[in-house]
Amino acid sequence: MTDTERLCYDVVVIGAGGSGLRAAIEARLAGKKTAVISKSLFGKAHTVMAEGGAAAAMGNVNPKDNWQVHFRDTMRGGKFLNNWRMAELHAREAPDRVWELEAWGAVFDRTPDGKISQRNFGGHEYPRLAHVGDRTGLEMIRTLQQKVVALQQEDAAVHGDPEAMIKVFAETTITRLLTDGERIAGAFGYIRENGRFVVFDAPAVILATGGIGKTFKVTSNSWEYTGDGHALALLAGATLLNMEFVQFHPTHMVWPLSVAGLLVTESVRGDGGVLRNSEGNRFMFGYVPDVFRAQYAETEEEADRWYADPDNNRRPPELLPRDEVARSINAEVKAGRGSPHGGVFLDIASRRPAEEILRKLPSMYHQFKELADVDITREPMEVGPAQHYVMGGVEVDPDTAVSSVAGLFAAGEVTGGMHGSNRLGGNSLSDLLVFGRRAGMGAAAYLDTLAAAGGARPAAHEADLAAAQAEALAPLQRTGGENPYTVHAEIQQTMSSLVGIIRREDEIKTALAELEKLRERAGQVSAEGGAAYNPGWHVALDLRNIMLIADCVAQAALERQESRGGHTRDDFPGMSPEWRKVNLICSLDGDRVALRRQPMIGMRADLLALFDRAELEKYLTDPELPPAGQEAS
Amino acid sequence: MKVELRIWRGDAGQGTLTDYQVEANEGEVILDVLHRLQATQAGDLAVRWNCKAGKCGSCSMEINGRPRLACMTRMSLFDPAETITLTPMRTFPVIRDLVTDVSFNYAKAREIPSFAPDPSVGLGEFRMQQVDVNRSQEFRKCIECFLCQDTCHVIRDHPENERAFAGPRFLMRIAELEMHPADTADRREIAQDDFGLGYCNITKCCTEVCPENIKITDNALIPMKERVVGRKYDPLVWLGAKIGRRPKHDTAAVPAKKG
């Protein structure tokens, strides 16, 4: 271990996207010495790709909005499988978190009276998304990045070193969490630039690694999304919740092939865009499910009136939650009514003036013009679903963000529960802020408890460090093994074709058998070249995480015999109130993923009272319903 | 279709241009072809990339000598018979192959005094008109690809200027803060004295390579130069400072890390 750097911190945050940076800021504000580990350069995390906005019931555009309405929309969007306490905290705290960004320098689009503007989005009853054109994620990451810099400037003034209290380790990847008995003791990883290993001794680790997109073939997710945090949590003894729920966002570019999966923001629909099939029909009117029937327009005339007069008209069905729209597009294409390249048409050109499209959707204009030669102010876009988000993730305590392992916290996409079976657009950026802050607070409080209890800090074991190093070096030292890129591509192909947007028992079983063979191969890959900035080696190391996550998703998808949100079973098309009471928990048993059922905790009475009994009847079993006669106020 | 690539391979010590023949399909960009090269012939070829959507600014490199994002450079731009040359950004030290050490930029970012709103404004109480934030928003479209820094002749072949010159991206950051309606600091003197605004002789090379089409020179650097002149040489401003009606000094630049 001579070439290994060893560093001591209070809190190590793994991930430098929205939730990681927000958590790190909070930990530093609480006086904790904080390291931020970034797989990319600082400010490049996947959060930059978020387009539409951050949902927060500020009521700037429609004063009727408040946290209760936001909570209701979130639970409906997740088909009531959400951890209701997380949904409650999220809806209550999101406005303060967005306003806080403004005080840190974010420049959101404005309303005529100078407040933060808010836009319409799928599943949100009122205009709710704080935004900057269609590049809100970039604004958020840059603001948090600049807040970290501002704190470093304060530290430079006090300590003479800007990195005394918060330091960003760019292009660094963690491959193992270190434990001391039942508690976290630190993290082990490598620095991309030179391939050197680094050990962080720290009693608190916050996972903020985002999602699992690179488990699938067509995804809007960036290179980093290899399920690192999900896998690290499992390997450290923590549990994952409801991994079967994977969001296939309905609208991505389908052509040219090289950009298939590039996101087309939901704002296109929020701002007036409509979906049409090859026959020119607005097919979404035919796909409004019963549970949403009351809230969505039945005619094009009513839908079109809604944009100007939302109080007296119902919403266009293009703005149904993402899972509904994605399945509908899938069905249209299957029925032979798709566009030339296997998608459907998204038309805003015929519905809004070119000037307005350019102002509200500049990135979309740019993206289609430069990559597909399509001018979206003149012609429709061709779009189709792609993997976009994972609702499942690390099981955490809603208030403190702690996982089932002491000292291990998690926030953002890597966690499960908040979004239930389907996430509403705009609820991710606000989730990152709300629970990033809570994870930072949770870690700081844990450290205070440790200090108050006295005794030694948890310490990593030398044998674990040696094992972590051997594991990381294996693909470089092995010769004649398989190409890691090939194995990765086959895992993605297997998951996309057999555990994708529509699932069936026999196909999932085939996938599990395929994964079994791929696991053997993933363990035998070799990477040519040295340890310095070697992408082949990095892919080889990511394979362990991708394999574990693929296994969790497939096993949970096989177990849940119903269709709900981001889990659609062709052989069990209905939504079952009995299954709503069931959480599926993945853990590690030896080196294998084990799955068990865990009952859902019933919703608090005051939150239950926010819904009409008639609506609850669609989701809950009889014993769970409030006594008849009690109605929403 | 096969394309010919000539790629700089090596590290900080030394390197050479290496030729490859790679399959390319309709609609692809340079980064697709590089990925195919990695997957089939050169597994350890170092390329920095992330979003592959022109949003993160990671895959900056020089393509036939021009600073570009590999993910937004379509293959259809080139003659099919042409050999495409890919080299790392010249202004920054090479780490490996097409990847450079861009830490210069992060160091400069840390020297600029941060956003300084009036501390008495509470959460949710900011009131700003869209027309007043348009300019700062234009500059905040910046994805920090550092292509403008790479192309700027002040530092491209003159590393000796790096200490005194922050580069277009960070002079634009100063302009963004100066034009922010809720900011209270004054960075006009330090823009000139500490960040080297005077080195810029508005050749607009930065604007030309900006993948976000930000009018860096026209909208940030030239107006900033005008503000500096106003601050430093306007007799009324001078008098205002003398009689104590205007602050005498800027917010100080933050010292760079020692050592």
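Residues numbered from 1 in each chain as written. Chains lettered and ligands numbered in written order. Predicted model: local features only at pLDDT ≥ 70, side-chain atom pairs only at ≥ 80, totals over all residues.

**Looking at the overall build of chain B**
Here is the rule we go by: Helix numbers and strand numbers start at the N terminus; a helix is a DSSP run of H or I with at least 4 residues, a strand a run of E with at least 2. Using C-beta atoms placed from the backbone, we call a residue buried if 20 or more other C-beta atoms fall within 10 Å of its own, exposed if 12 or fewer do, and partly exposed for counts in between.
Regarding its fold elements, chain B presents 10 helices and 7 strands. C-alpha atoms of chain B, sized along the principal axes, occupy 70 × 40 × 30 Å. Among the 259 residues that make up chain B, the fraction classed as buried is 49%.

**Comments concerning the overall build of chain A**
Rules: As defined in this context, the radius of gyration uses C-alpha atoms, and a globule is described by 2.2 Å times the residue total to the power 0.38. By the criterion used throughout, residues are in contact when their C-beta atoms, derived from the backbone, lie within 7 Å.
Scanning chain A from N- to C-terminus turns up 18 helices and 20 strands. On C-alpha atoms alone, chain A measures out to a radius of gyration of 24 Å, which is about the 26 Å that the 2.2 N^0.38 rule sets for 633 residues. Long-range contacts, defined here as pairs at least 24 residues apart, represent 73% of the contacts in chain A between residues at least 6 apart.

**Here's the deal with the sheet that holds strand S3 (residues 60–63) of chain B**
Residues and elements named next belong to chain B. How we decide: When DSSP finds two or more bridges between a pair of strands, those strands are recorded as paired. Between N-to-C directions, angles span 0 to 180 degrees; the directions come from axes that are lines fitted to C-alpha atoms, helices contributing only their stretch in contact.
The 5 strands lie next to each other as S2-S1-S5-S3-S4, forming an open sheet whose pairing is mixed. Edge positions in the sheet fall to strand S2 (15–23) and strand S4 (66–69), since each of these pairs with one other strand and no more. Within the sheet, the average angular offset between the axes of one strand and its neighbour, ignoring direction, is 35 degrees. Here helix H1 (residues 30–40) sits on the sheet and contacts strand S1 (2–10), S2 and S3; the angle it forms with S2, its principal contact strand, is near 95 degrees.

**Quick notes on the interface of chain B and chain A**
Keep this limit in mind: Following the grouping adopted for this structure description, the nonpolar residues are Ala, Val, Leu, Ile, Met, Phe, Trp, Tyr, Cys and Pro, the charged ones are Asp, Glu, Lys and Arg, and the polar ones are all others, Gly among them.
Tallying the contact residues gives 50 residues for chain B and 54 residues for chain A. Those elements that place two or more of their residues in the side of chain B that touches chain A are H1, strand S6 (94–96), helix H2 (103–111) and helix H3 (130–139) of chain B. The element contributing the most residues to the side of chain B that touches chain A is H3(B), with 4 residues. Within the side of chain B that touches chain A, the residues separate by chemical class into 23 nonpolar, 15 polar and 12 charged.

**Focus: the sheet that holds strand S9 (residues 183–191) of chain A**
All names here are of chain A. Here we have 4 strands laid out as an open sheet, ordered S1-S10-S9-S8, and mixed in their pairing. The open sheet has two free edges, formed respectively by strand S1 (5–8) and strand S8 (172–180), since each of these has just one partner strand. Put simply, the sheet's adjacent strands are angled 25 degrees from each other on average, direction ignored. Contacts between helix H12 (residues 462–477) and the sheet are confined to S8, S9 and strand S10 (197–201), with S8 contributing the most and set at about 150 degrees to the helix.

**So, the confidence of the model for chain B**
Heads up, the condition is: pLDDT is a residue-level measure of predictor confidence that goes from 0 to 100.
Averaged over every residue, the pLDDT of chain B is 93; the share at 70 or more is 96%. The complex model carries a pTM of 0.95, and its ipTM stands at 0.95.

**Looking at unusual backbone geometry**
All names here are of chain A. Residue Pro256 is reached from Trp255 by a cis peptide bond, and omega for that bond is -10 degrees. Secondary-structure assignment places Pro256 in the loop between strand S13 (246–253) and helix H6 (267–270). With a phi angle near 65 degrees, Phe80 is a residue other than glycine that sits in the positive phi range. Looking at the element boundaries, Phe80 is found in the loop between helix H2 (67–77) and helix H3 (84–103). According to the C-beta neighbour criterion, Phe80 is buried, with 26 such atoms within 10 Å. A positive phi angle, near 55 degrees, is found at Asp373, a position not held by glycine. Position of Asp373 among the secondary structure elements: in the loop between helix H10 (362–372) and strand S16 (381–390). The exposure class assigned to Asp373 is exposed, which follows from the 11 C-beta atoms found within 10 Å.

**Regarding the packing of helix H13 (residues 484–498) of chain A against helix H14 (residues 505–522) of chain A**
All names here are of chain A. Operational definition: By definition in this entry, angles of less than 35 degrees are roughly parallel, angles greater than 145 are roughly antiparallel, angles of 65 to 115 are roughly perpendicular, and the rest are oblique.
Here H13 crosses H14 at 170 degrees, and the two axes come no closer than 10 Å. In terms of axis orientation, H13 runs roughly antiparallel to H14. Together, Val487, Glu490, Ile491, Thr494, Met495 and Leu498 of H13 and Glu507, Ile508, Thr510, Ala511, Glu514, Leu515, Leu518, Arg521 and Ala522 of H14 make up the contact between the two elements. Of the residues belonging to the contact of H13 with H14, the class tally is 9 nonpolar, 2 polar and 4 charged.

**Things to note about H12(A)**
All names here are of chain A. To keep things clear, this is the line we draw: Multiplying 1.5 Å by the residue count of a helix minus one yields the expected span of that helix. A residue's bend is given by the angle between axes fitted to the 7 residues ending at it and the 7 residues starting at it.
Taking 1.5 Å of rise per residue, the 16 residues of H12 would be expected to cover 22 Å, and the 22 Å separating its terminal C-alpha atoms lies within 8% of that figure. A maximum bend of about 25 degrees is found in H12 at Glu471, where proline Pro475 lies one to four positions downstream. Buried residues along H12 sit against S8, S9, S10, H13 and helix H15 (535–559).

**Observations concerning H2(B)**
Looking only at H2(B), the buried set comprises B:Asn105, B:Lys108, B:Ala109, B:Arg110 and B:Glu111. Where H2(B) is buried, its residues touch helix H4 (136–159) of chain A together with helix H4 (147–151) and helix H6 (168–178) of chain B.

**Notes on the packing of H13(A) against H15(A)**
Residues and elements named next belong to chain A. As a reminder, the rule being used: With the far helix as reference, a near helix turned anticlockwise by less than a right angle produces a left-handed crossing, and one turned clockwise produces a right-handed crossing.
Contact geometry for H13 and H15: axes closest at 9 Å, N-to-C directions at 25 degrees. In terms of orientation, H13 lies roughly parallel with respect to H15. Here H13 runs over H15; the crossing is left-handed. Facing H13, whose interface residues are Pro484, Tyr485, Val487, His488, Ile491 and Met495, H15 presents Gly536, Val539, Ala540, Leu543, Ile546, Met547 and Ala550. Looking at the contact of H13 with H15, its residues break down into 11 nonpolar, 2 polar and no charged.

**Here's the deal with the nonpolar core**
To be explicit about the condition: Core membership is restricted to buried Ala, Val, Leu, Ile, Met, Phe, Trp, Tyr and Cys residues, and these are joined into a nonpolar core through C-beta atoms within 7 Å.
In this structure, A:Ile206 and B:Leu171 are the most contacted members of the largest nonpolar core, which totals 259 residues. Top contributing element to this core by residue count: H15(A), with 16 residues. Dropping the residues within four chain positions of it, B:Leu171 is found in contact with B:Ala166, B:Ala191, B:Phe195, B:Leu197, B:Cys200, B:Ala220, B:Leu221 and B:Met224.

**Comments concerning the environment of A:Ala87**
Residues and elements named next belong to chain A. Summarising the element assignment, Ala87 is placed in helix H3. Ala87 sits in the buried class, given 28 other C-beta atoms within 10 Å. With 35 residues separating them in the primary sequence, Ala87 and Gly52 have C-alpha atoms 20 Å apart. With residues near it in sequence (within four places) discarded, Ala87 still touches Phe71, Thr74, Met75, Asn82 and Met418.

**Re the environment of A:Ala460**
Residue and element names in this part refer to chain A. Take Ala460: it is sitting in the loop between helix H11 (427–453) and H12. Separated by 259 residues in sequence, Ala460 and Asp201 place their C-alpha atoms 7.2 Å apart. Leave out the neighbours within four places in its chain, and Ala460 touches Leu178, Asp180, Ala185, Gly186, Val199, Asp201 and Leu465.

**Regarding the pairing of S8(A)**
Residues and elements named next belong to chain A. Counting buried positions along S8 yields 8 of 9 residues, so the element is predominantly enclosed. With 8 bridges joining them, S8 and S9 adopt antiparallel strand pairing. Residue Leu177 lies in a different strand from S9, and its bridge partner there is Ala187. In this antiparallel pair of consecutive strands, S8 and S9, the connection spans 2 residues, and Gly181 shows a positive phi of 65 degrees.

**What about the pairing of S4(B)?**
All names here are of chain B. Where S3 and S4 come together, 4 bridges link them in antiparallel fashion. Bridge assignment links Glu62 to a residue of S4, and that residue is Pro67. What sits between the antiparallel neighbours S3 and S4 is a turn of 2 residues, in which Asn64 has the positive phi angle 50 degrees.

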